[in-house]
Amino acid sequence: MIVNPNTLLRAGLLAVTMLSFSAWTGAQSPGYKNQNPPPATTSDKAKTPANNSLTLDDPNAPPVNAEEEAAYKAFNDTPPAEQSKRIELGEAFVQKYPTSRYRPGIYSALTMAYLQTNNVQKMEEVADKEIALNPNDVQVMAVVGQTLPRAMNSKTPDPEKQLAKAEQYDRKVIEITPTLPKPSHVTDEDFASIKNQTLAMAHGGLGLVYVRRGKFSEAIPELNQAVTIDPTPDPVNYYLLGMANVKASHFDDAVTAYNKCAALVGAMQETCKSGALEAKKLASTQLSAPK
């Protein structure tokens, strides 16, 4: 494991943007209809409860009754900080109402709840259920595509299968995201920010897949893209970029990446400072490879 995926994914920020992106991508899939208020703008994000804007308008689904509506409201009104309660209510809801039109919003919320409670296996399970309902949910795919290679360790069963799945999701995100049209109720600035953050997760996840496979030259452009387009660059991607450049004998580029990581406040600072010092030593004693 690189580090705790809960920390690496900045899950609190993603839980906010998940709402906007799920509604957006859901609108692009057959059977989906955004029946609730439009996604939050930047100024509204801090006060917007997560996962309340996506519904599944399935003509075969039973009509929503008062009990189902109340159960959904109880789930939706649970603060994101109370993740254990959200998980309990969400799981109970989808078990009791297996054909509910509210499943996509709940699966998206559960994806983030399991991520924030560091339960990667359950995160993957509910994310796959959401993607089965909404094949264009690029943000859920990006979360999975970035988390799986980060959460791997020596005890991970069938690691190549995990890497292949992450690669599949990341590539699909990179393919689909630029083609999705902007909803009229989302500003150009918010739309660009959400797209870039999601693409950054996918490029970062794909870059780490290459790192895990020892393909450092292929990893470098993906990780470069991730830190370039991310509105708030993830220090872990800078760290991985530094590592990949060291392995590819691009020592000066490694120093640059490590220094940018070290400049960001957080748990990675000391690790990246040490990485920068080591890369400088290597630059003084070994030949750099041509780019």
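Residues numbered from 1 in each chain as written. Predicted model: local features only at pLDDT ≥ 70, side-chain atom pairs only at ≥ 80, totals over all residues. Heavy atoms only, no water.

Novice: What exactly am I supposed to notice about the environment of Ala192 here?
Specialist: For Ala192, the position within the fold is in helix 9 (residues 188–212). Its relative accessible area of 34% is what places Ala192 among the partly exposed residues. Measuring from C-alpha to C-alpha, the distance between Ala192 and Pro178 comes to 9.8 Å, with 14 residues separating the pair along the chain. (Helix = DSSP H or I, 4+ residues; strand = E, 2+ residues; numbered from the N terminus. Buried < 20%, exposed > 50% of the residue type's maximum accessible area, 1.4 Å probe, protein only.)

Novice: Would you mind going over helix 10 (residues 216–229) with me for this structure?
Specialist: The α-helix advances 3.6 residues per turn, and as a result positions three or four apart in sequence lie on the same side. Over its 14 residues, helix 10 extends 20 Å from the first C-alpha to the last, a length consistent with the 20 Å expected when each residue adds 1.5 Å. Those residues of helix 10 lying buried are Phe216, Ala219, Ile220, Glu222, Leu223, Ala226, Val227 and Ile229. (Expected span 1.5 Å × (residues − 1).)

Novice: How should I be thinking about the pattern of salt bridges in this particular structure?
Specialist: Two side chains of opposite charge can pair, provided their charged atoms sit close to one another. Following the criterion strictly, the structure yields 12 salt bridges and no others. Salt-bridge contacts for Asp188 lead to Lys182; the nearest nitrogen and oxygen are separated by 3.8 Å. Asp188 gets classed as exposed once you look at its relative accessible area, which sits at 57%. Under the relative-accessibility criterion, Lys182 is labelled partly exposed at 33%. Taken together, the shared-partner salt bridges in this structure form one network comprising Glu160, Glu167, Arg171 and Arg213. (Salt bridge = Lys/Arg side-chain N within 4 Å of Asp/Glu carboxyl O.)

Novice: Mind showing me how you'd approach the nonpolar core here?
Specialist: Note on soluble globular proteins: their nonpolar side chains tend to be buried together. The biggest cluster of nonpolar side chains holds 38 residues, and the ones touching the most others in it are Phe93, Ile106 and Met123. Among the elements of the structure, helix 3 (66–77), helix 4 (83–96), helix 5 (103–116), helix 6 (120–133), helix 7 (138–151), helix 8 (159–176) and helix 9 are those that each provide at least two residues to this core. Residue contacts for Ile106: discarding those within four places in its chain leaves Tyr72, Phe75, Gly90, Phe93 and Val94. In terms of nonpolar packing, the next biggest core, distinct from the first, is built from 27 residues, Tyr210, Val211, Cys261 and Ala276 among them. (Core = buried A, V, L, I, M, F, W, Y, C linked by side-chain atoms within 4.5 Å. Contact = heavy atoms within 4.5 Å.)

Novice: Explanation requested: the state of the cysteines in the structure shown.
Specialist: Here a disulfide denotes a covalent bond joining the sulfur atom of one cysteine to the sulfur atom of another. In total, this model carries 1 disulfide according to the counting rule given. In this model Cys261 forms its disulfide with Cys272; the gap between the sulfur atoms is 2.0 Å. Taking the sign of the S-S torsion, 65° for the link of Cys261 and Cys272, the bridge is right-handed. Here the residue Cys261 occupies a position in helix 12 (residues 251–262), and Cys272 occupies one in helix 13 (residues 269–285), the gap between them amounting to 11 residues. Neither Cys261 nor Cys272 differs from the other in exposure class; each is buried. (Disulfide = S-S within 2.5 Å.)

Novice: Whenever I open this one, the side chain of Gln162 confuses me. Can you help?
Specialist: Tracing the chain through its elements places Gln162 in helix 8. In contact with Gln162, other than residues within four places in its own chain, are Glu124, Leu148, Met152, Thr156 and Pro157.

Novice: What am I meant to see in helix 8 here?
Specialist: Its 18 residues place the ends of helix 8 26 Å apart at the C-alpha level, agreeing with the 26 Å of an ideal helix rising 1.5 Å per residue. Within helix 8, burial applies to Gln162, Leu163, Lys165, Ala166, Glu167, Tyr169, Asp170, Val173 and Ile176. Among the structural elements, helix 6, helix 7 and helix 9 are those in contact with the buried residues of helix 8.

Novice: Got a minute to help me understand unusual backbone geometry in this structure?
Specialist: Glycine aside, the phi torsion of most residues is negative, and most peptide linkages are trans. You will see that Asn118, though not glycine, has its phi angle at about 65°, which is positive. Relative to the helices and strands, Asn118 is located in the loop between helix 5 and helix 6. The partly exposed category is assigned to Asn118, whose relative accessible area is 38%. Residue Asp158 is not a glycine yet carries a positive backbone phi of 50°. Within the secondary structure, Asp158 is located in the loop between helix 7 and helix 8. Taking relative accessible area as the criterion, Asp158 reaches 47% and is therefore assigned partly exposed.

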